[in-house]
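# Architecture at a glance
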Amino acid sequence: MTAAVALGATVLLGAAAVAGDAPAAVTVHTVTIEGMQYQPQTLTVRRGDRIRWINKDLFPHTVTATGGGFDSPEIAPEGSWTLTARKAGEFAYGCRLHPTMKATLTVH
């Protein structure tokens, strides 16, 4: 996997907003991966918001939804990955490489 893929990849979660919806301000949220943990471990966002995971550990990690829905490539140390939240729901996620790492993303 190339560093270009791991840095700044953007994935859409679910379908786009329904035509006629008023555009809302997009907020960018940051989750730091450090010490084998996602911080914060629980995050609530609105549909359309972006979530950026930044890897501050010395080894790669992933951001993988437990029931499907999103799956990052390996995020290299000092790399990042961004998701645009499109589908409402609660999404448990973790790292494919380190199964003890877990967190939850809630999208309203």
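Each remark here, short or long, concerns the structure printed above.
Residues numbered from 1 in each chain as written. Predicted model: local features only at pLDDT ≥ 70, side-chain atom pairs only at ≥ 80, totals over all residues. Heavy atoms only, no water.

Another aspect to go through is the overall build of the chain. Counting its regular elements, the chain contains one helix and nine strands. When the elements of the chain are put in sequence order from the N terminus, they spell out α-β-β-β-β-β-β-β-β-β. Of all 108 residues assigned to the chain, the portion counted as buried reaches 39%. For the chain, long-range pairs separated by at least 24 residues make up 56% of all intrachain contacts whose partners lie at least 6 apart in sequence. For the chain, the computed accessible surface area is about 6000 Å², with 56% contributed by carbon and sulfur atoms. (Helix = DSSP H or I, 4+ residues; strand = E, 2+ residues; numbered from the N terminus. Buried < 20%, exposed > 50% of the residue type's maximum accessible area, 1.4 Å probe, protein only. Contact = heavy atoms within 4.5 Å. Areas by Shrake-Rupley, 256 points an atom, 1.4 Å probe, with all protein chains shown as cover.)

This next bit is on a nonpolar patch on the surface. Residues M36, L58 and F59 make up a contiguous nonpolar surface patch of roughly 310 Å² in combined accessible area. Here L58 shows up in the loop between β5 (50–55) and β6 (64–65). (Patch = residues over 30% accessible without salt bridge, like charges linked within 9 Å, V, L, I, M, F, W, Y side chains within 5 Å. Salt bridge = Lys/Arg side-chain N within 4 Å of Asp/Glu carboxyl O.)

Right, let's get into the pattern of salt bridges. Following the criterion strictly, the structure yields three salt bridges and no others. Taking the shortest distance from any N to any O, the salt bridge between D49 and R46 comes out at 4.0 Å. D71 is the salt-bridge partner of R96, the closest N and O atoms lying 2.3 Å from each other. Within this pair, whereas R96 is found in the loop between β8 (89–94) and β9 (102–107), its partner D71 is found in the loop between β6 and β7 (80–85), the two being separated by 25 residues in sequence. Given a relative accessible area of 40%, D71 falls into the partly exposed group.

This part is about the environment of G35. Among the structural elements, G35 can be located in the loop between β2 (28–34) and β3 (37–39). Note on G35: relative accessible area 51%, which makes it exposed. Residues G35 and D57, spaced 22 residues apart in sequence, show a C-alpha to C-alpha distance of 6.4 Å.

Overall, mixed pairing links the four strands, which are arranged β4-β9-β8-β6 in an open sheet. This sheet does not close on itself; its edge strands, each paired only once, are β4 (42–45) and β6. Bridging between β6 and β8 involves two bridges; their strand directions are antiparallel. For T64, the partnering residue across the bridge sits in β8 and is G94. (Pairing = 2+ DSSP bridges.)

All right, on to unusual backbone geometry then. Residue P40 is bonded to the preceding Q39 through a cis peptide linkage, with omega at 5°. Assignment of secondary structure puts P40 in the loop between β3 and β4. The backbone phi angle of M36 is positive, close to 60°, even though this residue is not glycine. Summarising the element assignment, M36 is placed in the loop between β2 and β3. A relative accessible area of 30% places M36 in the partly exposed class. Here E78, not a glycine, exhibits a phi torsion of approximately 70°, which is positive. Mapped onto the elements, E78 comes out in the loop between β6 and β7.

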